[in-house]
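If you want the building blocks of each chain, they are given just below.
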Amino acid sequence: ESSRYGAVINSWSWGDNSVNYTNRSEMIDAWTVENPWSLVFVAPGNTGNMMLEPSNAYNVVSVVATDSQENVSLWQGNSQGPDINGRRGTMIAAPGVDILSADADGSKFGLNNGSRMMTGTSMATPNAAGAALMVREYLEEIAQRPSPQGALVKALLILGAQDVGARDIPNNDEGWGRIDLRNTLAPTSGQGIWVDDRSVVSGTGNTKTYTFNISQGNSGFKAVLAWSDERGSPFSSTQLVN
């Protein structure tokens, strides 16, 4: 059930200086529909303006950067939504300021003994991808849900994300907020998580209804609907927006 190289989580800290929905955006969307267990994380860029391709693909998780302090704030250099088609685009935020990582030369004898401290969405994106791997591991090993769909992993990241205060979430600056793994996998006492990733609603106009009993007042109720969308076309002036 894995991809050619066994990867189910992909982290892309690169892209082109284009805001258009390109062949690469289309390729990612086609891949995630054909391989529903996969999930692709993409850095939207560091222009401070509109997000760049392929972070504007429908099924990617576009990750903007925050600092790593207790009082979290967004990094001002983030490329962010809306994308060229008016979609929010930005999905989630993760630490991306002053992140120490391996240097690109791959040598421990290179600059700073093979490490480098950098800032940007390219640093936030692998942080988010690593969090997604932990969510997937939890689903398979603790929750005993084999082969979880990428859309489910994305939904759980959104479910636990925390507003960093730019505006009420969701918004174009931070998407659904900053990743909070504890809130995603082990919410506070009295709160539970219920998942349905097996049901199918087939045909236009059909519905499925869920009923929940809320046992605690003022405790909040949050619902996330996530799916892998059909690909758009780079040759269309306006992309479909679901």
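A brief look at the structure comes next.

Cut-offs and rules
Note on numbering: residues in each chain are counted from 1, in written sequence order. Selection of residues for local features in this predicted model requires a pLDDT of at least 70, selection of side-chain atom pairs for listing and counting requires 80 or more, and totals for whole chains, interfaces and linings are taken over all residues. Water and hydrogen atoms play no part in the side-chain values, which are based on all heavy atoms of the structure. Note on conventions: DSSP H or I runs of at least 4 residues are helices, E runs of at least 2 residues are strands, and numbering of each starts at the N terminus. Relative accessibility decides the category of a residue: with a 1.4 Å probe and only protein chains considered, values under 20% of the type maximum give buried, values over 50% give exposed, and everything between is partly exposed. By definition, residues are in contact when any of their heavy atoms lie within 4.5 Å. Here the expected length of a helix is defined as 1.5 Å per residue gap, with one fewer gap than residues. Salt bridge, as applied in this entry: a Lys or Arg side-chain nitrogen positioned within 4 Å of an Asp or Glu carboxyl oxygen. Patch membership is restricted to residues that have no salt bridge and whose relative accessible area is over 30%. Joining uses 9 Å for like charges and 5 Å for the nonpolar side chains Val, Leu, Ile, Met, Phe, Trp and Tyr. In this description, accessible areas are obtained by the Shrake-Rupley approach with a 1.4 Å probe, and a residue is regarded as covered only by the protein chains that are shown. Pairs of strands are assigned from DSSP output, requiring at least two bridges between the strands. For helices, the axis comes from a line fit to the C-alpha atoms of the stretch in contact; other axes are also lines fit to C-alpha atoms, and the angle between any two N-to-C directions lies between 0 and 180 degrees. Here, nonpolar core refers to any group of buried Ala, Val, Leu, Ile, Met, Phe, Trp, Tyr and Cys residues whose side-chain atoms link them within 4.5 Å.

In this section: the environment of P126. Take P126: it is sitting in helix α2 (residues 121–141). The partly exposed category is assigned to P126, whose relative accessible area is 37%. Separated by 85 residues in sequence, P126 and F41 place their C-alpha atoms 7.6 Å apart. Apart from the residues within four sequence positions on either side, P126 is in contact with S11 and S13.

Turning our eyes to something else, we now look at α2. The terminal C-alpha atoms of α2, which comprises 21 residues, lie 30 Å apart, in line with the 30 Å expected from a rise of 1.5 Å per residue. By the burial criterion, the buried members of α2 are T121, M123, A124, T125, A128, A129, A131, A132, V135, R136 and L139.

Evaluation of the coordinates by the stated rule reveals six salt bridges. With its nearest N and O atoms 2.9 Å apart, the salt bridge here joins R24 to E53. Here R24 is found in helix α1 (residues 23–34), whereas its partner E53 is found in the loop between β2 (39–42) and β3 (61–66), with 29 residues between them in sequence. Accessibility expressed as a relative area gives 22% for R24, which makes it partly exposed. Across the salt bridge formed by R136 and E140, the nearest N and O atoms sit 3.7 Å from each other. Remark: E140 and R136 occur in helix α2; sequence separation between them is four residues, near one turn of the helix.

A contiguous nonpolar surface patch, about 570 Å² in accessible area, is contributed by W194, Y210, F212, I214 and F221. Within the fold, I214 resides in the segment after α4 (181–185). Using a relative accessible area of 52% as the deciding quantity, one classes I214 as exposed.

On the basis of which strands lie adjacent, the open sheet formed by four strands has the order β1-β2-β3-β4 and parallel pairing. Strands with a single pairing partner mark the edges of an open sheet, and in this sheet they are β1 (9–12) and β4 (92–95). Strand after strand, the sheet turns through a mean of 35° between neighbouring axes, direction not considered. Alignment of β3 against β4, held across four bridges, turns out to be parallel. For V64, the partnering residue across the bridge sits in β4 and is A93.

A cis amide bond links E53 to the next residue, P54, at an omega of 0°. Take P54: it is sitting in the loop between β2 and β3. Cis rather than trans, the peptide bond between G81 and P82 has omega equal to 5°. Even without being a glycine, D98 presents a positive backbone phi close to 55°. Turning to its location among the elements, D98 is positioned in the loop between β4 and β5 (99–102). Even without being a glycine, S147 presents a positive backbone phi close to 50°. Here S147 is to be found in the loop between α2 and α3 (150–160).

Formed by 26 residues in total, the largest nonpolar core has its most connected members in I9, F41, V61, V63, I92, L157 and I179. If you list the elements that add at least two residues to this core, you get β2, β3, β4, α2 and α3. The element that contributes the greatest number of residues to this core is α2, accounting for seven residues. Sequence-distant contacts of I92, that is, excluding residues within four places in its chain, are made with V61, S62, V63, V64, L157, I158, A161, E174, G175, G177 and I179. Formed by six residues, the second largest nonpolar core is a distinct cluster that contains I28, V42, A57 and V60.

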